[in-house]
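Commentary on secondary and tertiary structure
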Amino acid sequence: SIYHDLDLWYRKPDIVRQFAKSEELAADPLKIKIFFEIFLHFLRHELLSLGNNGSNYSEQIPRLLSLINATQRTLHLIARNINPRLALENLMLQFH
């Protein structure tokens, strides 16, 4: 379900659903770890598949790289004991 949510958020961001997911994830450190593993996999898959779908990927590459950097930065912040919910909500804003 996380992969499906990410795909939906990437294609059509929904801040209400994203913040609700942030609240759910922040309550369980194991869920956060799983979420980030899936999220990074999703972003890398999207990046690698750009050349195969024939779309204008020159616009999408900077967005994907920005999301990957923001995700890694969020992981670092959470590891440094920053409020997980706040960090996740900040990450969700990067989809817009």
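Anything mentioned here points back to the structure above.
Everything numeric in this text was worked out from a predicted model, so none of it was measured. (Residues numbered from 1 in each chain as written. Predicted model: local features only at pLDDT ≥ 70, side-chain atom pairs only at ≥ 80, totals over all residues. Heavy atoms only, no water.)

This part is about the packing of aromatic side chains. Aromatic ring pairs are defined here through the distance separating the ring centres and the angle between the ring planes. For the structure shown, the criterion picks out 3 aromatic pairs. On the basis of an interplanar angle of 80° and a centroid distance of 5.3 Å, the ring pair of Y3 and F42 is categorised as edge-to-face. Of this pair, Y3 sits in helix α1 (residues 2–11) while F42 sits in helix α3 (residues 29–49), and the two are 39 residues apart along the sequence. Overall, F42 belongs to the buried group, its relative accessible area being 0%. When the ring of F35 is compared with that of F39, the centres are 5.5 Å apart and the planes differ by 25°; the resulting orientation is stacked. Here F35 and its partner F39 are both found in helix α3, 4 residues apart, which amounts to about one turn of the helix. You can call F35 buried: its relative accessible area is 1%. (Phe/Tyr/Trp six-rings, centres within 6.5 Å; stacked < 30°, edge-to-face > 60°. Helix = DSSP H or I, 4+ residues; strand = E, 2+ residues; numbered from the N terminus. Buried < 20%, exposed > 50% of the residue type's maximum accessible area, 1.4 Å probe, protein only.)

It is worth spelling out the packing of helix α2 (residues 15–26) against helix α5 (residues 84–93) at this point. Contact geometry for α2 and α5: axes closest at 9 Å, N-to-C directions at 150°. Taken together, α2 and α5 sit at an angle that is classed as roughly antiparallel. At the point where α2 passes α5, the crossing takes the right-handed sense. Taking contact as the criterion, the partners of I15, Q18, F19, S22, E23, L25 and A26 in α2 are, on α5, P84, R85, L88, E89, M92 and L93. Across the contact of α2 with α5, the residue classes break down as 8 nonpolar, 2 polar and 3 charged. (Axes fitted to C-alpha atoms, helices over the stretch in contact; angles between N-to-C directions. Parallel < 35°, antiparallel > 145°, perpendicular 65-115°, else oblique. Left-handed = near helix turned anticlockwise from the far one by under 90°. Contact = heavy atoms within 4.5 Å. Nonpolar A, V, L, I, M, F, W, Y, C, P; charged D, E, K, R; others polar.)

Side chains carrying opposite charge are able to pair once their charged atoms draw close together. Applying the stated criterion across every chain yields a total of 8 salt bridges. E46 serves as the salt-bridge partner of R11, at 3.1 Å between the closest nitrogen and oxygen. Separated by 35 residues along the polypeptide, R11 in helix α1 and E46 in helix α3 bring together distant segments of the chain. Through salt bridges with shared partners, one network takes in D5, K21, E24 and K31. (Salt bridge = Lys/Arg side-chain N within 4 Å of Asp/Glu carboxyl O.)

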